[in-house]
Amino acid sequence: MTRLHHAFRLLTTLLMMLCVASTSTAQDNQGSTQSNKTEADLPHVLIIGDSISIGYTKPTIELLQGTAHVERVKANCGDTKRGLKYLERWLGKTDWDVIHFNWGLHDLCYRHPDSKTQGHRDKVNGTISVPLDQYEKNLETLVKQLEKTGATLIWATTTPVPEGEAGRVVGDDLKYNQVATKIMKQHGIKINDLHQLASGFDAPFWVGPGNVHFKQAGSDKLAQQVAKEIKAALPVNSHHSN
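No experiment lies behind these values; they were computed from the predicted model shown.

Enquirer: Quick rundown of unusual backbone geometry? Include the residues and the values.
Expert: One non-glycine residue, H120, lies in the positive phi region at around 55 degrees. Among the structural elements, H120 can be located in the loop between strand 4 (110-111) and strand 5 (127-128).

Enquirer: Now, about helix 2 (residues 51-63): what can you tell me, with residues and values included?
Expert: For helix 2, spanning 13 residues, the distance from its first C-alpha to its last is 19 Å, which sits close to the expected 18 Å at 1.5 Å a residue. Along helix 2, the largest kink reaches about 35 degrees and is centred on T57; proline P59 follows within four residues of it. Turning to helix 2, its buried residues are I52, S53, Y56, T57, P59 and T60. Along its buried surface, helix 2 packs onto strand 1 (44-48), strand 2 (69-72), strand 3 (98-101), strand 6 (152-156), helix 6 (194-199) and helix 7 (216-233). Structurally, the start of helix 2 carries an N-cap: the backbone nitrogen of I52 is 2.9 Å from a side-chain oxygen of D50.

Enquirer: Now, about the pattern of salt bridges: what can you tell me, with residues and values included?
Expert: Summed over the entire model, instances satisfying the criterion amount to 7 salt bridges. Between E62 and K58 there is a salt bridge, with its nearest N and O atoms 3.3 Å apart. Here K58 and E62 lie together in helix 2, a separation of 4 residues that amounts to about one turn. Residue classification places K58 among the exposed residues on the basis of a relative accessible area of 58%. R121 is paired through a salt bridge with E165; the nearest N and O atoms lie 2.8 Å apart. Taken as a pair, R121 in the loop between strand 4 and strand 5 and E165 in the loop between strand 6 and helix 5 (172-187) lie far apart in primary sequence, 44 residues in all.

Enquirer: Got a sec to walk through the packing of aromatic side chains? Specific residues and values, please.
Expert: Per the counting criterion, the structure on display carries 7 aromatic pairs. An angle of 85 degrees between the planes, with centres 5.6 Å apart, marks the rings of F201 and F214 as edge-to-face. One end of the pair, F201, is in the loop between helix 6 and helix 7; the other, F214, is in the loop between helix 6 and helix 7, and 13 residues separate them in sequence. On the basis of relative accessible area, F201 is assigned to the buried category, the value being 10%. Residue classification places F214 among the buried positions, given a relative accessible area of 10%.

Enquirer: Requested: an account of the sheet that holds strand 7 (residues 190-192), with residues and values cited.
Expert: Read across the sheet, 5 strands follow the order 2-1-3-6-7 without closing on themselves; strand pairing throughout is parallel. With one partner strand each, in any of the chains shown, strand 2 and strand 7 form the two edges of the open sheet. With strand direction ignored, the average angle separating the axes of adjacent strands in the sheet is 20 degrees. Of the strand pairs in this sheet, strand 1 and strand 3 are connected by 4 bridges, and their pairing is parallel. Within strand 3, the residue paired with V45 across the bridge is V98. Together, strand 1, strand 3 and strand 6 form the strand contacts of helix 4 (residues 132-147), whose direction differs from that of strand 6 by roughly 155 degrees.

Conventions adopted
- Residues numbered from 1 in each chain as written.
- Predicted model: local features only at pLDDT ≥ 70, side-chain atom pairs only at ≥ 80, totals over all residues.
- Heavy atoms only, no water.
- Helix = DSSP H or I, 4+ residues; strand = E, 2+ residues; numbered from the N terminus.
- Expected span 1.5 Å × (residues − 1).
- Bend = angle between axes of the 7 residues up to and from the residue.
- Buried < 20%, exposed > 50% of the residue type's maximum accessible area, 1.4 Å probe, protein only.
- Contact = heavy atoms within 4.5 Å.
- Polar contact = N/O pair within 3.5 Å; in protein donor to acceptor, adjacent residues only side chain to side chain.
- Salt bridge = Lys/Arg side-chain N within 4 Å of Asp/Glu carboxyl O.
- Phe/Tyr/Trp six-rings, centres within 6.5 Å; stacked < 30°, edge-to-face > 60°.
- Pairing = 2+ DSSP bridges.
- Axes fitted to C-alpha atoms, helices over the stretch in contact; angles between N-to-C directions.

Everything listed here is a matter of geometry and, on its own, says nothing about what the molecule does.
Right under this line is the structure:
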């Protein structure tokens with residue numbers, strides 16, 4: 001009887017140890033799943049734009065690390081004509097939560113095949129890439145295509161054209177932004193006013209006189225505002241984490 005009692009106690013102890021071990025393992029597994037939350041579980045964000053957006057993409061990714069999985073189209077998205085041609089390919093099969101987009105600087109650029117300036121820019125003898133009325137039509141079409149994704153859309157205003165730019169006329173940025181703003185308001189799309197932000201930049205933020213591009217400090221400043229707007233637009237419960 002004593003031996004049976006002893007065996008029973010031993011069996012009970014073993015069962016309790018197994019139970020504790022299995023609970024501990026379950027907790028460990030649960031902890032590792034949470035701590036190793038993959039990028040795929042985060043909301044998916046796409047950035048569409050020209051070389052200005054190329055400049056602010058990396059710092060935007062860093063600012064939103066662990067909050068959103070941010071990608072940028074692997075190309076310079078150029079003007080709205082290029083957008084119409086390639087947007088479907090750029091969107092791919094990903095279920096985007098937020099799309100931050102811009103077209104403008106390439107649309108309002110004058111180019112001439114004989115120009116030796118980078119990008120054949122020539123505002124004196126060149127032809128404008130996309131006239132304002134065509135830009136409006138193209139952008140309207142692109143917005144409708146983007147709306148079909150179901151993503152929250154954020155329009156970034158086109159950054160300023162500085163004095164002395166070889167292929168762009170100062171003030172055209174305002175005209176193109178005015179048209180774009182009208183479209184975005186009609187569609188209820190959030191506007192991220194990068195033009196206003198960059199208009200306040202001092203010389204050290206710009207690459208140089210007559211250049212539309214920004215040094216790292218300028219791109220970092222743009223990225224801060226881009227990241228802020230994207231974060232505000234993120235879904236509370238992303239369908240990617242369900």
